[in-house]
Amino acid sequence: MAMRQTPLTCSGHTRPVVDLAFSGITPYGYFLISACKDGKPMLRQGDTGDWIGTFLGHKGAVWGATLNKDATKAATAAADFTAKVWDAVSGDELMTLAHKHIVKTVDFTQDSNSLLTGGQDKLLRIYDLNKPEAEPKEISGHTSGIKKALWCSEDKQILSADDKTVRLWDHATMTEVKSLNFNMSVSSMEYIPEGEILVITYGRSIAFHSAVSLDPIKSFEAPATINSASLHPEKEFLVAGGEDFKLYKYDYNSGEELESYKGHFGPIHCVRFSPDGELYASGSEDGTLRLWQTVVGKTYGLWKCVLPEEDSGELAKPKIGFPETTEEEIEEIASENSDCIYPSAPDVKA
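Predicted model, so just to flag it, every value in this text is computed and none were measured.

### Quick notes on the overall build of the chain
Within the chain, the secondary structure is distributed over two helices and 30 strands. By residue count, 55% of the 350 residues in the chain fall in the buried class. Put simply, 43% of the contacts in the chain that link residues at least 6 apart link residues at least 24 apart. Total accessible area computed for the chain in this model is approximately 15,300 Å², and 50% of it derives from carbon and sulfur atoms.

Right, dumping it as structure tokens:
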């Protein structure tokens, strides 16, 4: 029987959510960080959306946020002309990296020893986090503000996007290898290490390119302007969201639209699959994050599929519950995690 998608709503931010990122899978699960124009990036448990803490210290909108693979460090990029590195376990600020203009994007190397940044001053910077006092390496060549910059090919190369151009750089020589030009603004970029795939969105297009050569693989057209897209870890599906408040799920091989859901009350700015592929997260102009199941009705995280009695005549549909808990315990847990479950919950403080 048909199952109804029931997203988990994570409130707490007071302005639009513009970026989000998952960690890898750790012994403690996986984690989710969100960047928001309220200047207060938040860390959450990835599979439930439960709030863990808020990183306090930026004096302007936070445009980019990321976690390293084992979720021990976080990095944020902000409009206060700084990037910051944080201890993601304690929440302490480890260092502030001063820039000359708004910083839009940050990304760790696999060993977490270097941080790549990019922003409105059109320069890529590489910081040695073991020598924060040292001047960063700089790569010039972009002709407009940098929106996204990512390490790729085991940190041997760098991918970066400005308004209408995506560039591939060689890390060793700090030179441009190749570039792609688009006739409209590039809205997002995602790098998939397994298979070296680059996902680019612009206008209503979702394009897939080789991250090694930038050669095209395939592209899909969506019904509305798309701001972000993400490819499932097993490369079975992709999800995308944009200006019409909807999330679209496509079959990666055929390009067929499988599902579409409307849950946000504003344009969707960012969407990403979890590292295990069981859910995807979306961030919106409405100030919330929402977690959506990849396979609707599966018992996972806070979702519990409850099937009615056969003779009740009701359709089977998923219900959010907590396995092996009493009704009283459910109410207690819900009140403790109200910032994640109820859209009207008050702002949370560290």
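There is more to say after this.
### Comments concerning the sheet that holds strand 15 (residues 157-161)
Strand order in this open sheet of four strands is 14-15-16-17, and the pairing throughout is antiparallel. A strand with exactly one partner marks an edge of an open sheet, and here the two such strands are strand 14 (148-152) and strand 17 (175-181). Between one strand axis and the next, the sheet turns by 20 degrees as a mean value, whatever way the strands run. With five bridges connecting them, strand 14 and strand 15 associate as antiparallel partners. Along strand 15, the bridge assignment pairs A149 with S160.

### Describing the sheet that holds strand 11 (residues 114-119)
Spatially, the four strands line up as an open sheet ordered 10-11-12-13, and their pairing is antiparallel. Whereas interior strands pair on both sides, the edge strands pair on one side only; in this sheet they are strand 10 (103-108) and strand 13 (137-139). Ignoring strand direction, the axes of neighbouring strands in this sheet form an average angle of 20 degrees. Two elements, strand 11 and strand 12 (residues 124-128), share five bridges in a ladder whose sense is antiparallel. Paired with G118 across the two strands is L124, which belongs to strand 12.

### A look at the pairing of strand 5 (residues 51-54)
For strand 4 (residues 42-45) and strand 5, the ladder comprises three bridges, and the chain directions are antiparallel. Looking across to strand 5, one finds that L43 is bridged to G53. Linkage of strand 4 to strand 5, two consecutive antiparallel strands, is achieved through a turn of five residues, within which G49 is found at a positive phi near 85 degrees.

### Quick word on the pattern of salt bridges
Evaluated as defined, the whole model comprises eleven salt bridges. Close ionic contact of E190 with R272 constitutes a salt bridge, the shortest N to O distance being 3.7 Å. Placement of the pair is E190 in strand 18 (residues 186-192) and R272 in strand 26 (residues 268-273), with a sequence separation of 82 residues. R272 shares its class with E190; the two are buried. Between R290 and D286 there is a salt bridge; the shortest N-O distance is 3.9 Å.

### Side note on the packing of aromatic side chains
This structure, assessed with the given rule, holds nine aromatic pairs. Centre to centre, the rings of F22 and Y30 are 5.7 Å apart; their planes meet at 65 degrees, and the pair counts as edge-to-face. Both rings, one in F182 and one in Y202, keep their centres 4.6 Å apart while their planes meet at 45 degrees; by these two values the pair is tilted. Here F182, found in the loop between strand 17 and strand 18, pairs with Y202, found in strand 19 (residues 197-202); they are 20 residues apart in sequence, far enough to count as distant. Through pairs of rings, three or more aromatic residues link up here, namely F208, F220, Y248, Y250 and Y252. Just above the ring of W63 sits the side chain of K104; from NZ or CZ to the centre is 4.6 Å.

### Looking at the UniProt feature "repeat: WD" (unreviewed entry) in the chain
As annotated by UniProt and renumbered to match this structure, "repeat: WD" (unreviewed entry) occupies residues 55-96, 96-137, 139-179 and 261-293. Spanning residues 261-293, this segment combines 0% helix with 58% strand, and its end C-alpha atoms are found 11 Å apart.

### Details of the nonpolar core
Among soluble globular proteins, nonpolar side chains are generally buried collectively. Among the nonpolar cores identified, the biggest contains 17 residues, and L159, V166, F182, M189, L198 and I200 are the most heavily contacted of them. Counting only domains with at least three residues in this core, you end up with domain 1 (17-181) and domain 2 (186-306).

### Regarding unusual backbone geometry
In terms of backbone geometry, most residues other than glycine have negative phi values and most peptide bonds are trans. One non-glycine residue, A71, lies in positive phi territory at about 60 degrees. If you trace the backbone, A71 turns up in the loop between strand 6 (62-67) and strand 7 (73-78). Although it is not a glycine, M174 adopts a positive phi angle of roughly 60 degrees. Among the secondary structure elements, M174 is positioned in the loop between strand 16 (165-170) and strand 17.

### A short note on the pairing of strand 8 (residues 82-87)
Among the six residues of strand 8, five are classified as buried, and the element is accordingly described as predominantly covered. Between strand 7 and strand 8, which pair antiparallel in sequence order, lie three residues; one of them, F81, sits at a positive phi of approximately 70 degrees. With five bridges connecting them, strand 8 and strand 9 (residues 93-98) associate as antiparallel partners. Note that in strand 9 the partner of W86 across the bridge is E93. If you look at the hairpin formed by strand 8 and strand 9, you'll find five residues sitting between the two strands, and G91 has a positive phi there, around 90 degrees.

What counts, and at which threshold
Residues numbered from 1 in each chain as written. Predicted model: local features only at pLDDT ≥ 70, side-chain atom pairs only at ≥ 80, totals over all residues. Heavy atoms only, no water. Helix = DSSP H or I, 4+ residues; strand = E, 2+ residues; numbered from the N terminus. Buried < 20%, exposed > 50% of the residue type's maximum accessible area, 1.4 Å probe, protein only. Contact = heavy atoms within 4.5 Å. Areas by Shrake-Rupley, 256 points an atom, 1.4 Å probe, with all protein chains shown as cover. Pairing = 2+ DSSP bridges. Axes fitted to C-alpha atoms, helices over the stretch in contact; angles between N-to-C directions. Salt bridge = Lys/Arg side-chain N within 4 Å of Asp/Glu carboxyl O. Phe/Tyr/Trp six-rings, centres within 6.5 Å; stacked < 30°, edge-to-face > 60°. Lys NZ or Arg CZ within 6 Å of the ring centre and 35° of its normal. UniProt positions renumbered as here; feature names shortened; annotations may be inferred. Core = buried A, V, L, I, M, F, W, Y, C linked by side-chain atoms within 4.5 Å. Domains from an automatic or database assignment.

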